[in-house]
Structures are given as structure tokens and as C-alpha cells.
Amino acid sequence: MKLKNFSLLLIILSLLQIQNLAYAQKSKFKVVLDAGHGGKDTGKNAHGFLEKNIALEITKKVGNILDREKDVTLVFTRKTDVFVELTERANIANRNDADLFVSIHCNSAGKNFAPYGTETFVMGMSRTNLNFDVAKSENSVIFLEKDYQEKYNGFDPNKPESLIGLKILQEEYLYQSIELASRIESNFTDKLGRKSRGVKQQPLWVLDASYMPSVLIETGFVTNVEEGTYLNSDKGQNEIAQAIADAILSYKKDFFNSTSSTYEEAPKKDASKTEVVNEKTTSEIVSNNKGVIFKVQISASSKKLETKASNFKGLSPIDREQSGKLYKYFYANESSYEQIKNRLEEAKKKGYDSAFIVAYKDGVKISLADALK
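Fair warning: this is a prediction, and the values are worked out from it, not measured in the lab. (Residues numbered from 1 in each chain as written. Predicted model: local features only at pLDDT ≥ 70, side-chain atom pairs only at ≥ 80, totals over all residues. Heavy atoms only, no water.)

### Thoughts on the overall build of the protein
For the protein, the count of helices and strands is 14 helices and 13 strands. Out of the 373 residues in the protein, the part that is buried amounts to 46%. Carbon and sulfur atoms make up 50% of the accessible area of the protein, which amounts to about 19,300 Å² in all. (Helix = DSSP H or I, 4+ residues; strand = E, 2+ residues; numbered from the N terminus. Buried < 20%, exposed > 50% of the residue type's maximum accessible area, 1.4 Å probe, protein only. Areas by Shrake-Rupley, 256 points an atom, 1.4 Å probe, with all protein chains shown as cover.)

### Comments concerning the pattern of salt bridges
Per the stated rule, a full pass over the model turns up 20 salt bridges. In this structure, Arg183 and Asp254 form a salt bridge, with 2.8 Å as the shortest nitrogen-oxygen distance. In this pair, Arg183 sits in helix α7 (residues 174-190) while Asp254 sits in helix α10 (residues 234-255), placing the two residues 71 residues apart along the sequence. We classify Asp254 as partly exposed; its relative accessible area is 31%. Via salt bridges that share partners, Glu179, Arg183, Asp254 and Lys365 belong to a single interconnected network. (Salt bridge = Lys/Arg side-chain N within 4 Å of Asp/Glu carboxyl O.)

### Thoughts on the packing of α7 against α10
Remark: α7 packs on α10, axes separated minimally by 9 Å, with the N-to-C direction vectors making an angle of 140°. Our classification of the angle between α7 and α10 gives oblique. Crossing handedness for the pair α7 and α10: right-handed. On the side of α7, the interface is formed by Tyr175, Gln176, Glu179, Leu180, Arg183, Ile184, Asn187 and Phe188, while α10 contributes Ile240, Ala243, Ile244, Asp246, Ala247, Ile248, Ser250, Tyr251, Asp254 and Phe255. A per-class count over the contact of α7 with α10 returns eleven nonpolar, three polar and four charged. (Axes fitted to C-alpha atoms, helices over the stretch in contact; angles between N-to-C directions. Parallel < 35°, antiparallel > 145°, perpendicular 65-115°, else oblique. Left-handed = near helix turned anticlockwise from the far one by under 90°. Contact = heavy atoms within 4.5 Å. Nonpolar A, V, L, I, M, F, W, Y, C, P; charged D, E, K, R; others polar.)

### Side note on the packing of aromatic side chains
Applying the stated criterion to the full structure yields four aromatic pairs. Pairing Phe312 with Tyr329 gives two aromatic rings, centres 5.1 Å apart and planes at 45°, and the pair type is tilted. Note that Phe312 is positioned in the loop between β9 (292-301) and β10 (318-323) and Tyr329 in strand β11 (residues 326-334), a separation of 17 residues in sequence. For the pair Phe312 and Tyr329, one class covers both residues: buried. (Phe/Tyr/Trp six-rings, centres within 6.5 Å; stacked < 30°, edge-to-face > 60°.)

### With respect to helix α3 (residues 86-95)
Taken together, the buried positions of α3 are Leu86, Thr87, Arg89, Ala90, Ile92 and Ala93. Just past α3, the residue Asp97 takes up positive phi, approximately 50°.

### Notes on the pairing of strand β1 (residues 29-35)
Burial analysis of β1 places six of its seven residues in the buried class, which makes it a mostly covered element. As paired strands, β1 and strand β4 (residues 72-76) are joined by five bridges and run parallel to one another. Looking at β4, one finds that Phe29 is bridged to Val72. Bridging between β1 and strand β5 (residues 100-107) involves five bridges; their strand directions are parallel. Pairing of Ala35 across the sheet is with Ile104, part of β5. (Pairing = 2+ DSSP bridges.)

### Quick word on the side chain of Thr77
Within the secondary structure, Thr77 is located in the loop between β4 and α3. Classification of Thr77 by relative accessible area gives buried; the value is 9%. Reaching out from Thr77, the side chain makes a polar contact with the side chain of Asp34 at a distance of 2.6 Å. The residues touching Thr77, leaving out its near neighbours within four places in the chain, are Val32, Leu33, Asp34, Ala35, Val84, Arg89, Ile92 and Phe101. (Polar contact = N/O pair within 3.5 Å; in protein donor to acceptor, adjacent residues only side chain to side chain.)

### A few points about the sheet that holds β1
For sheets, the rule is that strands pair by backbone hydrogen bonds, running either parallel or antiparallel. Across the sheet, six strands lie side by side as β4-β1-β5-β8-β6-β7; this open sheet has mixed pairing. With one partner strand each, in any of the chains shown, β4 and β7 (196-202) form the two edges of the open sheet. For this sheet the average axis-to-axis angle between neighbouring strands, irrespective of direction, equals 20°. Its contacts with the sheet put α3 on β1, β4 and β5, and the angle it makes with β1 is roughly 170°.

Structure below.
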């Protein structure tokens, strides 16, 4: 009888251990790091600087930094010089149910050796000044894949109408993607003193197919000799990797709280009070909290503009915040979440397609998720 009880105890302890392990894994922040190109897909190649090699080295260095964090789990789409199809890159992120997808690349300007600077892309379509060069370049890898016409349903990176036709599955995560992209570009300018060409939207297949906040980073131009030399150096790669990793950890701190597990037991409340709270809408609850306000971030630029309506397509009021060398511009100031959603629609109708909602409590920026609580 005692042996039976002991065996039962062992089974229970084993089940509890498995359960705790599962909870711990779910509470970890999972990042998929994607080194662009690889294998037969060399990417950009200029002055002896090969994009696939630079992207891989930076990606591994980002991984080495993040790997020191005990509550971060890393997944790589490649860690060696191998060819990985675009669909598989996104599939890896989706299968792992990642919290972030970060794709690392280098830029090129063809025979023009003058352009330099960093750019970080999120999925989407800008209605104004849309330049398809980056989209065509990063999407064209599909031509190296077998049966690409069937696999990508006739998608042709060389045709603008095909790019416009990309389904935008990333829209749900646009706010988070832009937030991460902004932090990456701010780190490049503030910490490294590099030129930022901004956060941009482009119809990129690998971002469209990944079901989580996603960014594609162009770390600089290999066609620019000075910048290419920096990108190809151990010093440059270490600095770039640190800037990217810091942005990811900053994002994690604001958008993912591993200590607040969904498996924690909620504090018990008085039943009558619970009913009253449940009758209120989110906007009513937020409106009653005088410390929380919402704004619409409409743009970020290295240019310092006067906050007058004529500079922002008639929108007013406009606030400006400085983050290093970057200026962020915000429209409206509402305590109601329902009202700020209306302001967001107004901004988008004016052409600010990348606009998104941000929240503050007592003058300090907080995550939107925390604000809505």
C-alpha cells in the first residue's frame, strides 16, 4: 500500500514539474531572429561586402546579447550560410508562436555609392511616395525557389499591382511593429550617431506572412564604401547588434510582462462590485482614470516642425516630443479610448496611414495594454 502511495506521489510530482515547465515556457518572451538571405541567395554585393555574411554575423551577435536574458527564448531562421525560403522564414516564426520577428539585412543603391543610413520597415502600404525598390529587392528571392509561382499564388515582386495586392495580415500588429521599429532607429541615431532614414511601410512578403509584430532592418548601405566597411567590421557589427538588442529588450519591458502570467489566480473581488465593473465599457473605465490619456502618433522625423495645424494637414492640436535626434508628433489628447479611436481614423483619412495610438499615465508613457487595464 505504501509503495502504491509513493508511486502516486511520484506521478503527481512529475505532472506538477511538467506543468510548471510549461508555464515557465509560456511566460518567456520568444524572439525569432532572421538573418536575411543566405546560401545561393547572396543578397547585395558591393566592394567585396556581402550582405548574407554581414546579416548573419549581426544576427548572431544580437542573439548572443539576448541569450543572457533568462526570460528570453531565441529562435534563428538560420545560423549558417544556408538558403531559407521566404515562406519558411515566416513559418518558423508562426510555428514557434513568437512574440517578435526581427529580420536583419543590408541596403544597396545600385551604382550610386552616395546614399547611406539605416531604415527599419514594417508591413503595410503608404499611399504617398511609395518606393517599390526595397520591396522588389527583398521579395525577389522567391525566384530562387522551386515552384514559386504555385507557392506564392502568382505573386510577382516586379509588378507594383502584385505588391499592392499583398494581403495585409500584419495590420493587427502595426502599432507594436512601429513601436519596435522606432526604438531601433532611435538607438541607431542616439547611441551610435548614425543617420536614420526613418521607419517606413512596405509590402514585404516575409513580414506579411508572420503572425506577430515584425520588422525588417536595413542596417546600412554596402554600396557606400565607408558604411560598408563599418558594416563589415567586428566593431560595427557589435555596435549595431547592441542597438537592436537594446530596442528589443526595451520593447519587451513595455509590452510583455513575464511576471504577470495568465495562469496566476486573479484576486478575489466582491461579487456586487464585479458586476458593476463588468457593466462598464473599456472607454468608460479609462475615462474615469484622470491619470491616463491617449494620443495619436502621426509621424516621427529628424526635422523639428512647428506644431501648427498647417504643418500637419489641418490636424490640431499637435504635440511634439524629442527622442535623441528624432522628433515625434502627436495628434489629439483624449481620456476616452473610444474618442481617440475616432481621432486615429481622422489622422488616417488625412493621409497618416502609419498613425497609431499611444498612452500616458501622469505624463509617463505606458503600454496601450496597461492603459486599457
